[in-house]
Amino acid sequence: GAAAKVRRAETAGHVLNELFEALVEKTLTQPTFVLEHPTSISPLAKPHRSKAGVTERFELFVYGRELANAFSELTDPLDQRQRFEQQIANHRARAAADADAEEAEFEIKLDEDFLAALEYGMPPTAGMGLGVDRLAMFVTDSASIRDVIPFPLLK
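Residue numbers restart at each chain and count upward from 1, following the sequence in its written direction. Where totals are concerned, whole chains, interfaces and linings use all residues; where local detail is concerned, this predicted model gives features only for residues with pLDDT of at least 70, and gives and counts side-chain atom pairs only at 80 or more. Calculation of side-chain values draws on the structure's entire complement of heavy atoms; hydrogens and water are dropped beforehand.

Trainee: Just give me the short version of the environment of Val148, but keep the residues and values in it.
Mentor: With respect to the secondary-structure elements, Val148 resides in the segment after helix H5 (132-140). Placed 34 residues apart in sequence, Val148 and Phe114 show a C-alpha to C-alpha distance of 31 Å. If we ignore the near neighbours within four places in the chain, the residues touching Val148 are Asp133, Ala136, Met137, Thr140 and Ser142. What counts as a helix is a DSSP run of H or I of at least four residues, what counts as a strand is a run of E of at least two, and both are numbered from the N terminus. Only heavy atoms enter the contact rule, under which two residues are in contact if any of them lie within 4.5 Å.

Trainee: Which residues make up the packing of aromatic side chains, and what are the values?
Mentor: Ring pairs are drawn from Phe, Tyr and Trp, using the six-membered ring of Trp, whenever the two centres fall within 6.5 Å, and their geometry is named by plane angle: stacked under 30 degrees, edge-to-face over 60, tilted for the rest. Applying the stated criterion across every chain, the model contains three aromatic pairs. With centroids separated by 5.4 Å and ring planes inclined at 70 degrees, the aromatic side chains of Phe20 and Phe61 adopt a geometry described as edge-to-face. In this pair, Phe20 is assigned in helix H2 (residues 12-24) and Phe61 in strand E2 (residues 57-62), connecting sequence segments 41 residues apart. Assessed through its relative accessible area of 1%, Phe61 is described here as buried. Ring geometry for Phe33 against Phe58: centres 5.2 Å apart, planes inclined by 75 degrees, an arrangement best described as edge-to-face. Of the two residues, Phe33 is situated in strand E1 (residues 32-35) and Phe58 in strand E2; the sequence distance between them amounts to 25 residues. Relative accessibility decides the category of a residue: with a 1.4 Å probe and only protein chains considered, values under 20% of the type maximum give buried, values over 50% give exposed, and everything between is partly exposed. Exposure remark for Phe58: the relative accessible area of 26% places this residue in the partly exposed category.

Trainee: Report on the sheet that holds strand E4 (residues 126-129), specifying residues and quantitative values.
Mentor: In spatial order, the strands read E1-E2-E3-E4; together these four strands make up an open sheet with antiparallel pairing. Looking at strand neighbours, the two that pair on one side only are E1 and E4, the edges of this open sheet. Each strand axis lies, on average, 20 degrees off the axis of its neighbour in the sheet, ignoring direction. Here the axes come from fitting lines to C-alpha atoms, over the contacting stretch only for helices, and the angles between their N-to-C directions go from 0 to 180 degrees. H5 rests against E2, strand E3 (65-72) and E4 of the sheet, and its axis sits at about 155 degrees to E3. Following DSSP output, two strands are said to pair if at least two bridges run between them.

What follows is the structure, encoded as structure tokens:
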């Protein structure tokens, strides 16, 4: 449950995220923008310009569900490499510590091509995820994306 996820969380940002998902997310019935996510849970988002430890990111919640996720893209290749390396180390540590952990089911690798592209230079960019899948979940009152989009290769 949520308590176990909090105990396994490797950073304060992960603890905040687990607590938010367990205690707050389902209470956000009115359209609500949640801002400034911790850097540790936002590996592709640019650090906030004036607030340490958080990113330029928001999520839109409606009726207790995330409808959109958006952020300023991280364009610093050194910062991105460091975050990717930390993410990989955390993933491997969780997989090694618990053979039943989700992380034990797959391996992640450093995307050197993406990092090389950042090194060549990337202009300021932003991304937003608002897919048909999330809209279908909202309209059909489905708790899981698997309920609305077929995933034949997943359990």
